[in-house]
Amino acid sequence: MSKPQTLFEKIWDAHVVRHEEGQPALLYVDLHLVHEVTSPQAFEGLRLTNRRVRRPDLTLATMDHNVPTTDRSLPIVDAISAKQMQTLSDNCREFGVTVFDLKDPRQGIVHIIGPELGLTQPGMTIVCGDSHTSTHGAFGALAFGIGTSEVEHVLATQTLPQSKPKTMEVRIEGTGKLPAGVTSKDIILAVIGKIGTAGATGYVVEYTGAPIRALSMEARMTICNMSIEAGARAGLIAPDETTFNYLKGRPHAPQGEAWEEALNYWQTLRTDEGATYDTTVVLNADDLAPQVSWGTNPGQVLPITARVPSPDDFSDPTEQKTTSRALEYMGLEAGTPLEGLKLDRVFIGSCTNGRIEDLRLAAHLSEGKKVSPTLHAMIVPGSGQVKRQAEAEGLDKVFKEAGFDWREAGCSMCLGMNPDILEPGERCASTSNRNFEGRQGKDGRTHLVSVPMAVAAAIEGRLVDVRRWDKENKGK
Amino acid sequence: MQPFTTLTGIAAPLDRANVDNIMQPFTTLTGIAAPLDRANVDTDQIIPKQFLKRIERTGFGQFLFYDWRFEADGITPRPDFELNHPALAGATILLAGRNFGSGSSREHAPWSLDDYGFRCIIAPSFADIFYNNCFQNGLLPIVLDEAVVKQLMQKAQASPGYQLTIDLPQQTISDADGFSITFEVDPFRKHRMLNGLDDIGMTLQHEGDITAFEQKRPAWSSRVTAGA
């Protein structure tokens, strides 16, 4: 009988091209996603060394980081952004790589389009020059972000030398039904709050437990997406019926006999009984409250019912210093309740929470209500397809009637590379993934929240506990 | 071989010494150690997003730590920023707090550190992708015990311009006062750093193995271009 293996070990072993003792293993890459920001220097490297793209059929490019989210028929105002996008188009043409440009209906955030096209499948290795590649781990694929030199390496060889990471189980315990007003975003924020932004450095995390099993694919993607925020190399969720049902019939999913063959393999992709992880972290979801970040990294997060912490709450001098810096940047006084903080902006979107299910939830909660006149609230669909689907379902009408700014697809204010940025000092509730200093705009202040928390905040003009808010607003 | 007589063509600028040894090899280094006593310095701080739009690999040093380094005008150095101390001009070693380089995978972060003049970063821990990216660019990240980093940081703060010597072959860090300590580095990465070897060239020596692996992949494997 073979040794019991974790899901990670199974995927890893299935992709080792060669491994010499004392060297990293050479890992085969099944899918390479490319975008405009981290690829130009990689293509240039290929040109300089007279190398080609080994497998254009396993490479897909799109534009997302830089793209305007306003009317696509207008010219792009930012000339440098326009040049970077044009460079991607030119490079893809030269090297035979498929690219979804701004005119393509399939354009969107790279981590939204892979899954929606059915390109992301269980058991694969997926890389992209983007740290949120961990998103694809929700399908039981080993997916991780790489740098531009590694992008060039994968373009040229379809492989990557990799040292084997350790394994961490993040076991979410509970009945499987999340408390009202609590989402998978709150689970992952709470996990990061518990273990810190370097808590999973050097590990591939596998999320297990009944509450994870009960989540939709979209909610699972939100969890795996933010694995990097805990420092993890990748996040994984074993595929199951939810995964297979999501994939079936998607444009790039296998069909007919091939589907059956693939399914037989995919069903083996789970951690065997008796297999061990290098470490395990446990979190109970049954008593979880909606989470809000208060500081300048995603580990600085607390339940909405909490107060802004004081540097004195920490014993570690480094933590004390980090906390006092964060409070100063965020313009917060220790002891202030998080609930009630006044906001200037709300952003709903990103590869963390810009999928159709997120928008349905947002529409459900904002139907018949009005965005507070004291702030500006933006909804940016994660892809062109998400946008069209939302419009087909009439969600855009709900948003517009409520006073939300309904935009074109892209990364938008998650990182503010395009014109969607915070002004200095503005406070924003955001469904994105990073609250670093300046992330959404120089001196902008970001509070990471779930979609329901962002909607309630937009309508009230301040951070509120969505659990109570939703109850009070029932029937209004 | 194709005979060569005359040629008219586009001249491509190649700002690398030669393509098989793409990186500058790293052996020993003596230089000023600049203290940056902050934890969780993320890549958004190392190089803010507005500077990621360039399509070149060079010239990013001017944007390093931009929001911390300059006043709102983007030109005037902020006197309160550690690295702006006049005695730290020309520093080649950066001393930093734990979890350095967290966040985004942008290789622009090591490019900007390298272009600014740093060749080595010493910290209690690094974020994973950033750590890999450093080795790709001949920038040596060294992990030392937090107490030791603190000790070096204090020396560097007490006497700005304090110098360290990094010896990669011997894996030691030392100073003129007799301080000396060894550090760990993966032997394979060390070999690459010492020789400035190009990863891609090394992998392509095993092209036969890659082709053999490809022939065993299942026919139903996901493809961007169906039927290609």
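Residues numbered from 1 in each chain as written. Chains lettered and ligands numbered in written order. Predicted model: local features only at pLDDT ≥ 70, side-chain atom pairs only at ≥ 80, totals over all residues. Heavy atoms only, no water.

Some details on the packing of aromatic side chains
All told, the structure shown has 23 aromatic pairs over all chains when counted by the stated rule. Summarising the aromatic geometry, the rings of B:Phe126 and B:Tyr131 are spaced 5.7 Å apart at their centres and angled 40° between planes, so their arrangement reads as tilted. An aromatic cluster is built from A:Phe244, A:Trp259, A:Tyr265, A:Trp266 and B:Trp220, whose rings are joined through pairwise contacts. Cation over ring: A:Arg250 sits above A:Tyr246, and NZ or CZ is 3.7 Å from the ring centre. (Phe/Tyr/Trp six-rings, centres within 6.5 Å; stacked < 30°, edge-to-face > 60°. Lys NZ or Arg CZ within 6 Å of the ring centre and 35° of its normal.)

Things to note about the environment of A:Asp443
With respect to the element layout, A:Asp443 can be found in the loop between strand 18 (427-430) and strand 19 (445-448). With sequence-adjacent residues up to four places away left out, A:Asp443 is seen in contact with A:Tyr329, A:Glu423, A:Pro424, A:Gly425, A:Glu426 and A:Gly438. (Helix = DSSP H or I, 4+ residues; strand = E, 2+ residues; numbered from the N terminus. Contact = heavy atoms within 4.5 Å.)

Focus: the side chain of B:Glu214
Of note, B:Glu214 is situated in helix 8 (residues 207-216). Relative accessible area serves as the criterion here: at 15%, B:Glu214 is assigned to the buried category. Reaching out from B:Glu214, the side chain makes a polar contact with the side chain of A:Arg55 at a distance of 3.2 Å. Each residue touching B:Glu214, except ones within four places of it in the same chain, is listed here: A:Tyr28, A:Arg54, A:Arg55 and A:Gln158. (Buried < 20%, exposed > 50% of the residue type's maximum accessible area, 1.4 Å probe, protein only. Polar contact = N/O pair within 3.5 Å; in protein donor to acceptor, adjacent residues only side chain to side chain.)

Some points on helix 8 (residues 217-225) of chain A
Along helix 8 of chain A, 9 of the 9 residues are buried, which leaves the element largely enclosed by surrounding structure. The set of residues buried in helix 8 of chain A consists of A:Met217, A:Glu218, A:Ala219, A:Arg220, A:Met221, A:Thr222, A:Ile223, A:Cys224 and A:Asn225.

Side note on the sheet that holds strand 11 (residues 234-236) of chain A
Residue and element names in this part refer to chain A. Spatially, 11-10-9-12 is the arrangement adopted by the 4 strands of the open sheet, whose pairing is parallel. Only two strands of the sheet have a single neighbouring strand rather than two, namely strand 11 and strand 12 (279-284). Averaged over all pairs of adjacent strands, the angle between strand axes in this sheet comes to 20°, irrespective of strand direction. Pairing analysis gives 3 bridges linking strand 10 (residues 203-208) to strand 11, with the strands arranged parallel. Bridge pairing in strand 11 places Val204 opposite Ala234. Here helix 6 (residues 184-195) sits on the sheet and contacts strand 9 (166-173), strand 10 and strand 12; the angle it forms with strand 12, its principal contact strand, is near 125°. (Pairing = 2+ DSSP bridges. Axes fitted to C-alpha atoms, helices over the stretch in contact; angles between N-to-C directions.)

Section: the interface of chain A and chain B
On the side of chain B, 60 residues touch chain A, which itself brings 85 residues to the contact. Carbon and sulfur atoms make up 53% of the area that chain A and chain B hide from each other, which totals about 6100 Å². Taken together, the connections running from chain A to chain B amount to 15 salt bridges. As a salt-bridge pair, B:Glu214 and A:Arg55 come within 3.2 Å of each other at their nearest N and O atoms. (Buried area = accessible area lost by both parts, 1.4 Å probe. Salt bridge = Lys/Arg side-chain N within 4 Å of Asp/Glu carboxyl O.)

Side note on the side chain of A:Asp64
Of note, A:Asp64 is situated in the loop between strand 4 (59-62) and helix 3 (79-95). For A:Asp64, the residues in contact, after removing those within four places along its chain, are A:His35, A:Glu36, A:Gln107, A:Gly108, A:Ile109, A:Val110, A:Gly410 and A:Cys411.

Thoughts on helix 8 of chain B
Since one α-helical turn is 3.6 residues long, residues separated by three or four positions face the same way. Within helix 8 of chain B, burial applies to B:Ile210, B:Phe213 and B:Glu214. Down the axis of helix 8 of chain B, the buried side of the element spans an arc of 100°, and every buried residue falls inside it. Turned more than 90 degrees away from the buried face of helix 8 of chain B, the exposed residues are B:Gly208, B:Gln215 and B:Lys216. Where helix 8 of chain B is buried, its residues touch strand 1 (16-18), strand 2 (25-28), helix 5 (148-157) and strand 8 (159-162) of chain A together with helix 7 (199-204) of chain B. (Arc of directions from axis to C-beta.)

Overview of the packing of helix 2 (residues 40-48) of chain A against helix 5 of chain A
Residue and element names in this part refer to chain A. For the pair helix 2 and helix 5, interaxial distance at closest approach is 8 Å and the crossing angle is 50°. Put simply, helix 2 runs oblique to helix 5. Crossing handedness for the pair helix 2 and helix 5: right-handed. In contact with Gln41, Ala42, Phe43, Gly45 and Leu46 of helix 2, helix 5 contributes Thr148, Val151, Glu152, Leu155 and Ala156. In terms of residue class, the contact of helix 2 with helix 5 is built from 6 nonpolar, 3 polar and 1 charged. (Parallel < 35°, antiparallel > 145°, perpendicular 65-115°, else oblique. Left-handed = near helix turned anticlockwise from the far one by under 90°. Nonpolar A, V, L, I, M, F, W, Y, C, P; charged D, E, K, R; others polar.)

A short note on the confidence of the model for chain B
Residue and element names in this part refer to chain B. Mean pLDDT over chain B stands at 91; residues scoring 70 or higher make up 89%. A low-confidence stretch, residues 13-21 stays under pLDDT 50, and its non-local contacts, those more than four residues away or across chains, total 17 contacts. Predicted complex metrics record ipTM = 0.94 and pTM = 0.95. (pLDDT = per-residue confidence, 0-100.)

Let's talk about the nonpolar core
In terms of nonpolar packing, the biggest core is built from 85 residues, with B:Phe65, B:Leu94, B:Phe100 and B:Leu113 touching the most fellow members. Of the residues forming this core, the biggest block, 8 residues, is contributed by helix 16 (residues 451-460) of chain A. Excluding its chain neighbours within four sequence positions, the residues that come into contact with B:Leu94 are B:Ala34, B:Leu36, B:Phe65, B:Leu83, B:Phe100, B:Leu113, B:Phe118, B:Cys120, B:Ile121 and B:Ile122. (Core = buried A, V, L, I, M, F, W, Y, C linked by side-chain atoms within 4.5 Å.)

A word on empty space enclosed by the protein
Residues and elements named next belong to chain A. Tallying each qualifying case throughout the model produces 3 cavities of 30 Å³ or more. When its volume is computed, the largest cavity comes out at roughly 220 Å³. For the largest cavity, the lining is made up of 24 residues, of which His65, Asp130, His132, Leu415 and Arg439 are closest to its centre. If you list the elements that add at least two residues to the lining of the largest cavity, you get helix 4 (110-117) and helix 12 (350-353). Across the lining of the largest cavity, the residue classes tally to 8 nonpolar, 11 polar and 5 charged. (1 Å grid on protein atoms, 1.4 Å probe; cavity = no way out; pocket = protein on both sides within 12 Å on 5 of 7 lines; lining within 4 Å. Points joined across faces, edges and corners; volume = space filled by probe spheres on them.)

Some words on the packing of helix 13 (residues 356-366) of chain A against helix 14 (residues 384-392) of chain A
All names here are of chain A. Where helix 13 meets helix 14, the closest approach of the two axes is 10 Å, and the angle between their N-to-C directions is 35°. Seen along the crossing, helix 13 lies across helix 14 with a hand that is right-handed. Contacts between helix 13 and helix 14 involve Ile356, Leu359 and Arg360 from the former and Val386, Gln389 and Ala390 from the latter. Of the residues in the contact of helix 13 with helix 14, the class split is 4 nonpolar, 1 polar and 1 charged.

Some remarks on the pairing of strand 5 (residues 163-167) of chain B
Residues and elements named next belong to chain B. Pairing analysis gives 5 bridges linking strand 1 (residues 28-36) to strand 5, with the strands arranged antiparallel. Note on strand 5: the bridge partner recorded for Leu29 is Ile166. Between the antiparallel neighbours strand 5 and strand 6 (residues 172-174) lie 4 residues, among them Gln171 with a positive phi of about 55°.

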